[in-house]
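# Structural features, examined
Residue strings, one per chain:
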Amino acid sequence: MPLHLDHSDPSFLGLLRRHYAELVPRIESLPPGAVAAVSATTIVALTYKDGVLIAADRRATLGGHIVMSEDVVKVFKTDEQSAIAIAGTFGPAVKMAKLFKTELEHYEKIEGVPLSLEGRANKLSQMIEMNFPAAVQGLPVMPIYAGFDKERGEGVIFEYDITGGTFVKPLAEPYAASGSGGDRARATFEHFFKDDMTFEVARDLVIRALGFAAEKDTATGGKRFIVMNITAKGVEDVSPGKEG
Amino acid sequence: MFDLSNFISPKQLLVMKQEMVEDTLAMAYPIVALRYCDGIMMLAENPSISLQKTSEIYDRIAFAGTGVFNDYERLRKAGVQLADIRGFQYSRSDVSARSIASEYSTVLGDIFVRQQVPMEVEILVAEIGKTPKDNRMYSIPFSGGLIEEQGMAVIGDYLNKEESILRGQIRQFISEQNPPADLPLADAAKLAAAAIGAVREGGAINIANIELVVLDRTIEIERKFRRFSSEEIVTLMG
């Protein structure tokens, strides 16, 4: 593994493309007739008074009805002020989250300053777009990215479609939901959302939204959830069962 | 292309290159790395605010370079790339200072022998282990040697010929104080600054020109590297 001495590009993905093409995540499509790949749902994010919560269930399914695991992790802390949740095809989605985390860290170390929140969201959009050929073949990756914007002093959510199209919250609405149970989770938010919720109220609402999704969606697990709290102080795991 | 090696013996060529680099490094600021109670600290004299001599390579690994800025900056970035590639390809725990230092040594050795102008640098790679016993420090000179250091390392201020080598005096100054393994950070930083100040022309370093970073195993996240701001340095050492 030689040292490369060309450094015009601070991007980790750019480095992979130039020198380690074999490590660039690339799944084109499933062969026709193959059993569908393992997929992961449901993910949600919700802004509140002090920041933003991002959460997911822990089930991974094959074809939407065979439970592969009740223990998968779909929410990843990406740095000290943001986290990503992933829905869609499990393999590429987890790889994308890992690549994204490395990308942020790499940029910060090479340049000496972290990327802006908007810069990170754009980078993620490009990665999703890169996965588009696989997405149209039935292997979509649809993340939600949430972070604390220190300049604006509030939590911000970025929701994506499979082409990398970016929807910035709370400009449109102060919450996001994605994955197969996303519709029910979103409906829960629409009913119960209030401005300036406290942390406890917001966390209960997030858990309730995931619970409603799990009730009717077999691809969503109802037993265990991961919830991350992102505020000016950093990213904290506040999953049920963690407290005390 | 005109190639000197057609006209000069290889030995003579290496001596010429060595003299050239030593002349540059004689003007480089020294950097001291020292073990303290929670990890390893690195202290440098650096009048620049944003052009740093010390930096983060990976979770538990830090880098320091002195000499010509563009040379050590390129090496620093190459080290970050290597570490991130390895951590991405395998796992975070598979990234080690030893393998990065060995790559640096290979590259610097190759460049010194094969290129007309060698890199005019001296660099240091430090890693904190789970316990102080597992700390690692490697210094790598411009010619590509790899030296493992224990508890303390000094790079820079490499004076040549008959002049005394200040680096040796900095080492001696610190050794004479016999710093214990549980030395608090403030004392370690003061000792390093005093050692540089004792041999430096013009006496003590201006505190505004001190650059201080640590690898601190008590930091709770994966990345154990921390840079002190100039205000924090004044509070700590003032």
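These numbers were taken from a predicted model, which means no experiment stands behind them.

Residues and elements named next belong to chain A. Reading across the sheet, the five strands line up as β11-β2-β3-β12-β13 and stay open at both edges, with antiparallel pairing between neighbours. Of all strands in the sheet, those with a lone pairing partner are β11 (175-178) and β13 (234-237), marking the two edges. This sheet shows a mean twist of 15° between the axes of neighbouring strands, independent of strand direction. The strands touched by helix α5 (residues 182-192) are β2 (43-48) and β11; relative to β11, the strand with the most contacts, the crossing angle is about 160°.

Note that soluble globular proteins tend to have their nonpolar side chains buried in a common cluster. The biggest cluster of nonpolar side chains holds 70 residues, and the ones touching the most others in it are Ala33, Ile123 and Val125 of chain B. If you tally residues by element for this core, the top one is helix α2 (residues 69-89) of chain B, at eight residues. The residues touching Val125 of chain B, leaving out its near neighbours within four places in the chain, are Ile61, Phe63, Ala97, Ile100, Ala101, Tyr104 and Tyr138 of chain B. Counting residues in each nonpolar core, the second largest holds 67 residues, with Leu15, Ala45, Tyr175 and Val227 of chain A among its members.

Moving on: helix α3 (residues 97-114) of chain B. Residue and element names in this part refer to chain B. Here α3 contains 18 residues, and its C-alpha end-to-end distance of 25 Å stays within 8% of the 26 Å for a straight helix at 1.5 Å per residue. Those residues of α3 lying buried are Ala97, Ile100, Ala101, Tyr104, Ser105, Val107, Leu108 and Phe112. Against α1 (10-25), β3 (54-58), β4 (61-67), α2, β5 (121-127) and β6 (136-140) lie the buried residues of α3.

Moving on, we come to unusual backbone geometry. Positive phi is not limited to glycine here, since Asp196 of chain A has a value of about 55°. Mapped onto the fold, Asp196 of chain A is located in the loop between α5 and α6 (199-216). If you check the backbone angles, Asn178 of chain B has positive phi at about 50° while not being a glycine. When you line up the elements, Asn178 of chain B lands in the loop between α4 (166-177) and α5 (185-199).

Take α5 of chain A next. Since the α-helix advances by 3.6 residues per turn, residues separated by three or four positions end up pointing in the same direction. Those residues of α5 of chain A that fall on the buried side of the exposure criterion are Gly182, Arg184, Ala185, Thr188 and Phe189 of chain A. Where the residues of α5 of chain A are buried, they touch β2, β11 and α6 of chain A.

With that out of the way, let us pick up the interface of chain B and chain A. Often the size quoted for an interface is simply the accessible area lost on bringing the parts together. The interface is formed by 14 residues belonging to chain B together with 15 residues belonging to chain A. Looking at the side of chain B that touches chain A, the elements that each hand over two or more residues are α2 and α3 of chain B. Residue contributions to the side of chain B that touches chain A peak at ten residues, all from α2 of chain B. In terms of residue class, the side of chain B that touches chain A is built from six nonpolar, three polar and five charged.

As a further point, take the confidence of the model for chain B. In the predicted model, chain B carries a mean pLDDT of 90, and the fraction of residues at 70 or more is 94%. This complex was scored by the predictor with a pTM of 0.90 and an ipTM of 0.89.

Turning our attention to the environment of Phe132 of chain A. Residue and element names in this part refer to chain A. Mapped onto the fold, Phe132 is located in helix α4 (residues 132-136). Under the C-beta neighbour-count criterion, Phe132 is labelled partly exposed, with 14 such atoms within 10 Å. Considered as a pair, Phe132 and Asp161 are 29 residues apart in the sequence and their alpha carbons are 10.0 Å apart. Aside from chain neighbours lying at most four places away, what touches Phe132 is Ile162 and Thr163.

Before going further, it helps to examine the pairing of strand β7 (residues 82-89) of chain A. Residues and elements named next belong to chain A. Within β7, eight of the eight residues are buried, leaving the element largely enclosed by the surrounding structure. Pairing analysis gives two bridges linking strand β1 (residues 38-40) to β7, with the strands arranged antiparallel. Residue pairing across strands places Ser39 opposite Thr89, the latter belonging to β7. As defined by bridge partners, strand β6 (residues 75-79) adjoins β7 across four bridges and the pair is classed as antiparallel. When the bridges of β7 are listed, Phe76 appears paired with Ile84. In textbook terms, the turn of a hairpin is the stretch between consecutive antiparallel strands, and for β6 and β7 this stretch comprises two residues. Here seven bridges tie β7 to strand β8 (residues 141-149), and the two strands are oriented antiparallel to one another.

How each quantity is defined
Residues numbered from 1 in each chain as written. Chains lettered and ligands numbered in written order. Predicted model: local features only at pLDDT ≥ 70, side-chain atom pairs only at ≥ 80, totals over all residues. Pairing = 2+ DSSP bridges. Helix = DSSP H or I, 4+ residues; strand = E, 2+ residues; numbered from the N terminus. Axes fitted to C-alpha atoms, helices over the stretch in contact; angles between N-to-C directions. Contact = placed C-beta atoms within 7 Å. Core = buried A, V, L, I, M, F, W, Y, C linked by C-beta atoms within 7 Å. Buried ≥ 20, exposed ≤ 12 C-beta atoms within 10 Å, placed from the backbone. Expected span 1.5 Å × (residues − 1). Nonpolar A, V, L, I, M, F, W, Y, C, P; charged D, E, K, R; others polar. pLDDT = per-residue confidence, 0-100.

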